[in-house]
Each structure stands twice: as structure tokens, then as C-alpha cells.
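Structure assessment
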Amino acid sequence: MSQKMVLGIVGGHGWMGRSLGIALLERNILSADQLVVSSRSGASDAYCNWPDVRCVRDNRELAALADVIVLSVRPQDLAGIDIGDAGKGKLIISLLAMASVKQVAHQLGSDRVVRAMPNAAAKIRRAWFPWFAAEGVNPSERQLVQELLESCGMARELPAERDIDYLTALSGAGPAWPALLAKAMLEHAQTNGIPDDIALEAVMQTLVGGSQLLEHLGSDPGDMVERLINYDGTTAKGLSEMINGRLSDVVKHGLDAAHRAACSPRK
Ligand SMILES: NC(=O)C1=CN([C@@H]2O[C@H](COP(=O)(O)OP(=O)(O)OC[C@H]3O[C@@H](n4cnc5c(N)ncnc54)[C@H](OP(=O)(O)O)[C@@H]3O)[C@@H](O)[C@H]2O)C=CC1
Ligand SMILES: O=C(O)[C@@H]1CCC=N1
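Residues numbered from 1 in each chain as written. Chains lettered and ligands numbered in written order. Predicted model: local features only at pLDDT ≥ 70, side-chain atom pairs only at ≥ 80, totals over all residues.

Some thoughts on the overall build of the protein chain
The helix and strand inventory of the protein chain stands at ten helices and eight strands. Based on the C-alpha atoms only, the size of the protein chain along its principal axes is roughly 65 × 40 × 30 Å. The contacts in the protein chain between residues at least 6 apart in sequence include a share of 55% that link residues at least 24 apart. (Helix = DSSP H or I, 4+ residues; strand = E, 2+ residues; numbered from the N terminus. Contact = placed C-beta atoms within 7 Å.)

Next comes the structure, spelled out in C-alpha cells:
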């Protein structure tokens, strides 16, 4: 990474902003003096290990210091973002759900906009971080975006903006889906008299181990389902009941609702 490049994160103390900022620092992709973060309420202790990180309240000051600006406020706060003339024309990387390239470009005064979609696993650098770049973003800037976002896990450029809207539901919200499954499994184990600590350990190790096995196999998850149905043991009984109960439809309806929400305010 260029020693001269300064990154500004608007909302850099928040959940996603700090996950990205800290990943970039811990991975030595940026040095502390290359990072500026803003929030309305002032500095938090997020960057206390890096005293050279500049924390500001004024986004126009951030924009004047930064070469590249990450926007990491909640969607409802977009309308209040003012980066002034200093930010005009700069490369903007928006992490916002429900805000189109057009809306971000209009609010920030730059048509060099990338939309990227993290997820909560960015905190442990296991996010899957898809992104879409508007036409005005050149190849070297696209490479820079890929390098910055990879600090949080795996990043991938997408061919169409509508894919970001869809993936906001699938992967952006994604850590919530196994959390809901884990909650249901935990409640079931507790109802069956398993002590809380053992139930939690069992659920977590099963979901983590099962996911890692799928990743390791690299095959269609449906193959594993079919294999276990064909095995015709206890798993097959459970799978059949869940399939007949239309678990797949319930999941798809949930993803549809999240997708509609991700698209709804777009202009
Ligand atoms: N959390 C998640 O799992 C995911 C979030 N996203 C997207 O990431 C974005 C950020 O979400 P998240 O990190 O969860 O939100 P948070 O609420 O945790 O963080 C937002 C931050 O923005 C700051 N902020 C708000 N307005 C301003 C302003 N005008 N100037 C400077 N800072 C400001 C807030 O601080 P203060 O109030 O002090 O100003 C806060 O620290 C959202 O748009 C969301 O859609 C995408 C995928 C997953
Ligand atoms: O729930 C949300 O709106 C944010 C965006 C995607 C995931 N979390």
C-alpha cells in the first residue's frame, strides 16, 4: 500500500467501520498515520492502541485529509453526511445497505463510488465482502479496493449493482441466519434436559465444525444432505421431517423479505 495514501472512514468507530479500520492496522496494510476516522460523538477507545490515528468530528476535515473515503454510517444517516468540496471527486467506498451508487454519489458529490457489503464476521476477519464499482472507478482503484476489503476476509468484485442488493440479504445479513438456527438448536437441547453450558458447546461446535467440513469438501451442500438421507439412519429421519416441514421455503421467504428491504428505498 502506498505510504502516502490516507484513508478516511466516516463512522470509523462503529461496528463495521472499526472492524475495517482495525483489520487494516493489524494487518499493516495501513500505518496509523494513514487512517482518519470520524463520528459525531467523538473518539472512542477503538483505536487506543494506535495513538496516531486521527479522530475527527467534522467530515469535511476528514475529507480534506483523506485520499479515499469509506462511508460506514447507518443508511438513515446518509442524508446528514457533508464532506464538503474537499471530498468532491474522491474515491468513495460505501458500506451502506439500501443506498444506491446514485444516492451515494449525489450526497457526497463524487461519481467515483464503490458499493461494498461486509458482514458481522469482519470483526474476526472472516467476512465475505462483495463490491461493485461504478464506471468512473479505474483499474488501479479497483485493485486498491480489493486490497483494502480483503483485510476483513475474502473480497470479490461483482458485475452488477443489483447483485449487491441481493447479497445484502444473503451474506450482509448472513451471520444472523446461523444464529437463528443455533438458537433453535439450543432451545431444543435445553428442553431435552441438556445443561446450558453443554448445550451451548454442543451447538457451537456442531455448527462451526459442520460449516468447516462443508468448506473443506468444497462440494454442493446438497450432496451431503443426499448422502445422509441415503445413509438412512437417525440423521435421515431428522432431515426428512425438516424437508417435509418446508424448512427450505421458510429460509427462502426470509431471504426474500430481507432482499425486498435491501431494494426498497432505491431510486
Ligand atoms: N452491522 C452489520 O452487520 C452490517 C452493517 N452494514 C452496513 O454498514 C453500515 C454501518 O453499520 P454499523 O457499523 O453496523 O453501524 P454503527 O451504528 O455501529 O456505526 C455507525 C457509526 O456511524 C457514526 N455516524 C453516524 N452519523 C455520522 C456522521 N454524520 N459523521 C460521522 N460519523 C457518523 C456513528 O457514531 P456517532 O453516532 O457517534 O456519530 C457510529 O459510530 C450501515 O450502513 C449498514 O447498512 C452492512 C453489512 C453488515
Ligand atoms: O441489517 C442490516 O440492515 C445490516 C445490513 C446488512 C446486514 N446488516
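Picking up after the structure, the text goes on.
Regarding the site of ligand 2
Taken together, the neighbourhood of ligand 2 is formed by A97, T168, G172 and A173. For the shell around ligand 2, the residue count by class is two nonpolar, two polar and no charged. (Near = placed C-beta within 6 Å. Nonpolar A, V, L, I, M, F, W, Y, C, P; charged D, E, K, R; others polar.)

Topic: the packing of helix α6 (residues 176-191) against helix α7 (residues 196-217)
Any two packed helices are characterised by the angle at which their axes cross and by the distance between the axes. Between α6 and α7, whose axes approach to 9 Å, the crossing angle comes to 140 degrees. Judged by the inter-axis angle, α6 sits oblique to α7. Seen from above, α6 lies across α7 with right-handed handedness. Where α6 approaches α7, its residues P178, A182, M185, L186, A189 and Q190 are matched on the opposing element by D196, A199, L200, A202, V203 and L207. Of the residues belonging to the contact of α6 with α7, the class tally is ten nonpolar, one polar and one charged. (Axes fitted to C-alpha atoms, helices over the stretch in contact; angles between N-to-C directions. Parallel < 35°, antiparallel > 145°, perpendicular 65-115°, else oblique. Left-handed = near helix turned anticlockwise from the far one by under 90°.)

Quick notes on the UniProt feature "binding site: NADPH" (unreviewed entry) in the protein chain
Those places that UniProt annotates as "binding site: NADPH" (unreviewed entry) correspond, in this numbering, to N59. Mapped onto the elements, N59 comes out in helix α2 (residues 59-65). (UniProt positions renumbered as here; feature names shortened; annotations may be inferred.)

Section: the sheet that holds strand β1 (residues 7-10)
Pairing is mixed in the open sheet, where eight strands are placed in the order β3-β2-β1-β4-β5-β6-β7-β8. Two strands bound the open sheet, and with one partner strand each, they are β3 (54-56) and β8 (153-157). Shown here is a sheet whose adjacent strand axes are inclined to one another by a mean of 20 degrees, direction ignored. The pairing of β1 with strand β2 (residues 35-38) spans four bridges and is classified as parallel. Directly across from L7, in β2, lies its bridge partner L35. Sheet strands in contact with helix α1 (residues 15-26) are β1, β2 and β4 (68-71), and its direction is about 165 degrees off that of β2. With respect to the sheet, helix α5 (residues 161-172) is in contact with β6 (113-116) and β7 (127-133), its orientation differing from that of β7 by roughly 160 degrees. (Pairing = 2+ DSSP bridges.)

Some details on the domain arrangement of the protein chain
With domains assigned, the protein chain is organised as domain 1 (7-162) and domain 2 (176-263). Computed from C-alpha coordinates alone, the two centres of domain 1 and domain 2 are separated by 34 Å. (Domains from an automatic or database assignment.)

As for the site of ligand 1
Inspection of the region around ligand 1 gives 27 residues, with G11, G14, R40, S41 and A97 positioned closest. Among the elements that line the shell around ligand 1, the one with the most residues is α1, at three residues. For the shell around ligand 1, the class distribution of residues is twelve nonpolar, twelve polar and three charged.

Quick notes on the pairing of strand β5 (residues 91-94)
Of the two faces of β5, both are covered, the one formed by L91 and I93 as well as the one formed by I92 and S94. Taken together, the four bridges between β4 and β5 define a ladder with parallel strand orientation. The residue bridging V70 from the neighbouring strand is I93, located in β5. At this point the chain moves from β5, through helix α3 (residues 101-108), to the parallel β6, and the crossover so formed is right-handed. (Buried ≥ 20, exposed ≤ 12 C-beta atoms within 10 Å, placed from the backbone. Right-handed = clockwise from strand over helix to strand, strands pointing away.)

What to know about the environment of L96
By the element assignment, L96 lies in the loop between β5 and α3. L96 sits in the buried class, given 23 other C-beta atoms within 10 Å. Measuring from C-alpha to C-alpha, the distance between L96 and S240 comes to 39 Å, with 144 residues separating the pair along the chain. In this view, L96 contacts L71, P75 and L78; residues no more than four positions away in its chain are not counted.

Quick notes on the pairing of β2
The alternating pattern of β2 places L35 and V37 and V36 and S38 on opposite faces, both of which are buried. As paired elements, β2 and β3 share three bridges and run parallel to each other. Each bridged residue has a counterpart across the sheet, and for V36 the counterpart in β3 is R54.

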